[in-house]
Amino acid sequence: MHIPFNKIYYTGREMDYIKEALESTNISGDGNFNNKVCSLLKDQLNSSNIFTFTNCTHALETAMLLLDIRPGDEVIIPSFTFASTANAVLLRGGTPVFAEVEKKTLTLDIEDVENKITNQTRAIIPVQYGGIGCPMDEIMDLANKYNIYVIEDAAQALGSTYKGKALGTWGHMGCFSFHGTKNYICGEGGALSINMEDEKIINRAEIIRQKGTNRQEFNMGKVNQYTWVDIGSSYAPSDVLMAILYSQLQQIDYIMEKRKKITETYIEKLSKFLVHGKLTSMTNIPEYFNSNYHNFYLRFNNQNHRDYVISQLKSRDIDAYIHFVPLHSSPMGLKLGYKYGDLPITEKIGETLMRIPLYTAMSEEEQDYVIMALYDILEVL
Ligand SMILES: *Cc1c(COP(=O)(O)O)cnc(C)c1O
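Notes on the structure in this doc start here. All residue numbers here refer to positions counted from 1 along the written sequence of the relevant chain. Only residues with pLDDT of 70 or above have their local features reported here, since the model is predicted, and side-chain atom pairs are shown and tallied only from 80 upward, although totals for entire chains, interfaces and linings are computed over all residues. Only heavy atoms go into the side-chain values, all of them from the structure, while hydrogens and water stay out.

**Structural notes on the site of the ligand**
Condition: Any residue with a heavy atom lying within 4 Å of a molecule or strand is counted as near it. Whenever a nitrogen or oxygen atom comes within 3.5 Å of another N or O atom, the pair is scored as a polar contact, on the condition that within protein one atom can donate a hydrogen and the other can accept it, and that pairs from neighbouring residues in sequence are kept only if both atoms are in side chains. To measure how exposed things are, a 1.4 Å probe is used in the Shrake-Rupley method; for residues, cover is taken only from the protein chains shown. When residue character is reported, Ala, Val, Leu, Ile, Met, Phe, Trp, Tyr, Cys and Pro are called nonpolar, Asp, Glu, Lys and Arg charged, and the others, Gly included, polar.
For the ligand, the set of nearby residues contains 14 residues, the closest of which are Thr57, Asp153, Gln156, Ser177 and Lys182. Asp153 is positioned such that a nitrogen or oxygen atom in its side chain is 2.8 Å from a nitrogen atom of the ligand. For the ligand, an oxygen atom lies 3.2 Å from a polar atom in the side chain of Lys182. Relative to its unbound accessible area of 390 Å², the ligand is 93% covered by the protein chains. Residues of the shell around the ligand, tallied by class, amount to 4 nonpolar, 8 polar and 2 charged.

See below:
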């Protein structure tokens, strides 16, 4: 039996909605399905300013534009993240400053963030890893103390909460992804939640999204024609994609519930291996968090054990992947002047962590197969 790492889950309504979108008068940005998606996201996140995007990368780039990040500005991000978090800063000419993550949640270590704050620091981008995030009240306290912005990279975290409040809505802005590898998908898609009541920023987000034009004011009948008013790009997703996303978001709770059950089974069945010291930790949900159960990871005491377990799973036709090659020690990180050894905790996590299959439609039989294989492998590790 082949167990893929991820399998896209379709709700069954996608085709009907796509057809409806194709038959409507607008398949470009900001059509009917876009409006429906925005309204579901507003309810889900309890946020009044939601903008859909072509992807989360573009939402992050827009956030950096909205903060007017420019050369000389520093933005603190974890090294344990995807390239998009750093690129968003670099594309504005800013400097990404890499901080450590802490071992329990694999998200920013607040103490290390504070150590890295300088007069140049403009923002912090916490990455809400695997659907579990930073203690956002602590990050916000720190940011307020130094008067800097917080932009959440909540690409993986739609549906997750901390202290009852949605991840992605604690910071000044939050960015989400609907890439095919995430929990709720439309192929390529994203969203930006602006969580501060700043009319100028909110209006500018719409302008940037609409190629630097005031098209939104035109759509709303506020002006007779629209024109070029600022810099911008083309970030509104096609309504065909929003049709897919709408069907997914209608099932947000069902999808979360399925993933929760799979996660709880892994924790229940695999925890006993934590005692022998080779498997050192696994996905856990700390107090105050509700996860969306984005992924499931195992961590080992050294890289050899991790690599061995991946290869043993592979030989049983089960896909398991590492996550992430830390950005500071990647080829681009080295070009920026970082070197291996700069962030030892992050490096160790990058070398010892692996993710095992977790997808919404995973059957009990499929999960049993993965667990049995892990029993075989871990018992003699
Ligand atoms: C997936 C992901 C992104 C990029 O999202 P896209 O929608 O593919 O642009 C950014 N940051 C993190 C942490 C991610 O996991």
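**As for the sheet that holds strand S7 (residues 165-166)**
This is how the line gets drawn: When DSSP finds two or more bridges between two strands, those strands count as paired. Here a strand is any run of E in DSSP of at least two residues, a helix any run of H or I of at least four, and the numbering for each starts at the N terminus.
Here we have 3 strands laid out as an open sheet, ordered S7-S6-S11, and antiparallel in their pairing. At either margin of the open sheet sits one strand with a lone partner, and together these are S7 and strand S11 (289-290). Here 2 bridges tie strand S6 (residues 161-162) to S11, and the two strands are oriented antiparallel to one another. When the bridges of S11 are listed, Thr161 appears paired with Asn290.

**A look at the environment of His172**
Defined as follows: Only protein chains enter the accessibility calculation, which uses a 1.4 Å probe; a residue is then buried when its area is under 20% of its type maximum, exposed when over 50%, and partly exposed in between. By the convention used here, residues are in contact when the closest approach between their heavy atoms is within 4.5 Å.
Position of His172 among the secondary structure elements: in the loop between S7 and strand S8 (173-177). Taking relative accessible area as the criterion, His172 reaches 17% and is therefore assigned buried. For His172 and Asn195, which are 23 residues apart along the polypeptide, the C-alpha to C-alpha distance reads 5.1 Å. In contact with His172, not counting residues within four places along its chain, are Met140, Ile148, Tyr149, Val150, Ser193, Ile194, Asn195 and Met196.

**Thoughts on the state of the cysteines**
Simply put, disulfide is the name for a covalent bond between the sulfur atoms of two cysteines. Selection criterion: Cysteine sulfur atoms that come within 2.5 Å of each other are treated as a disulfide pair.
Evaluated as defined, the whole model comprises 0 disulfides. Free of any disulfide, Cys134 has its nearest cysteine sulfur in Cys175, 14 Å distant. According to the relative accessible area criterion, Cys134 is buried, its value standing at 0%.

**Considerations on the packing of aromatic side chains**
Threshold: Two aromatic rings from Phe, Tyr or Trp, using only the six-membered ring of Trp, form a pair when their centres are within 6.5 Å; if the ring planes differ by under 30 degrees the pair is stacked, by over 60 it is edge-to-face, and anything between is tilted.
Overall, the coordinates contain 17 aromatic pairs when judged by the stated rule. Residues Tyr17 and Tyr246 carry aromatic rings whose centres are separated by 5.4 Å and whose planes lie at 40 degrees to one another, so their mutual orientation is tilted. A residue pair is termed long-range when its members are at least 10 positions apart, and Tyr17 in helix H1 (residues 14-23) and Tyr246 in helix H9 (residues 239-249) qualify at 229 residues. Tyr17 sits in the buried class, given a relative accessible area of 13%. Given the relative accessible area of 14%, Tyr246 is considered buried.

**Focus: the packing of helix H10 (residues 252-270) against helix H14 (residues 364-379)**
As a reminder of what qualifies: Simply put, an axis is a line fit to the C-alpha atoms, just over the touching stretch for a helix, and the angle between two N-to-C directions goes from 0 to 180 degrees. In this scheme, roughly parallel covers angles under 35 degrees and roughly antiparallel covers those over 145, while 65 to 115 is roughly perpendicular and the rest are oblique. Left-handed describes a crossing whose near helix is turned anticlockwise from the far helix through less than a right angle; right-handed describes the clockwise counterpart.
Where H10 meets H14, the axes come as close as 11 Å, and the angle between the chain directions of the two elements is 25 degrees. Looking at the two axes, H10 sits roughly parallel to H14. Once H10 is placed against H14, the crossing between them reads as right-handed. Every residue of H14 that contacts H10 at Lys261, Ile262, Thr265, Tyr266, Lys269 and Leu270 is listed here: Glu364, Gln367, Val370, Ile371, Leu374 and Tyr375.

**A closer look at the nonpolar core**
Grouped burial of nonpolar side chains is what soluble globular proteins tend to show. We apply this condition: Joining through side-chain atoms within 4.5 Å is the link that ties buried Ala, Val, Leu, Ile, Met, Phe, Trp, Tyr and Cys residues into a set, and such a set is a nonpolar core.
With 85 residues, the main nonpolar core has Met64, Met136, Leu158, Met173, Phe178, Leu192 and Ile194 as its most contacted residues. If we skip the residues at most four places from it in the chain, Leu192 touches Asn49, Ile50, Phe51, Phe53, Ala59, Thr62, Ala63, Leu66, Met173, Gly174 and Cys175. Grouped together as the second largest cluster of nonpolar side chains are 28 residues, Leu313, Met354, Val370 and Leu378 included.

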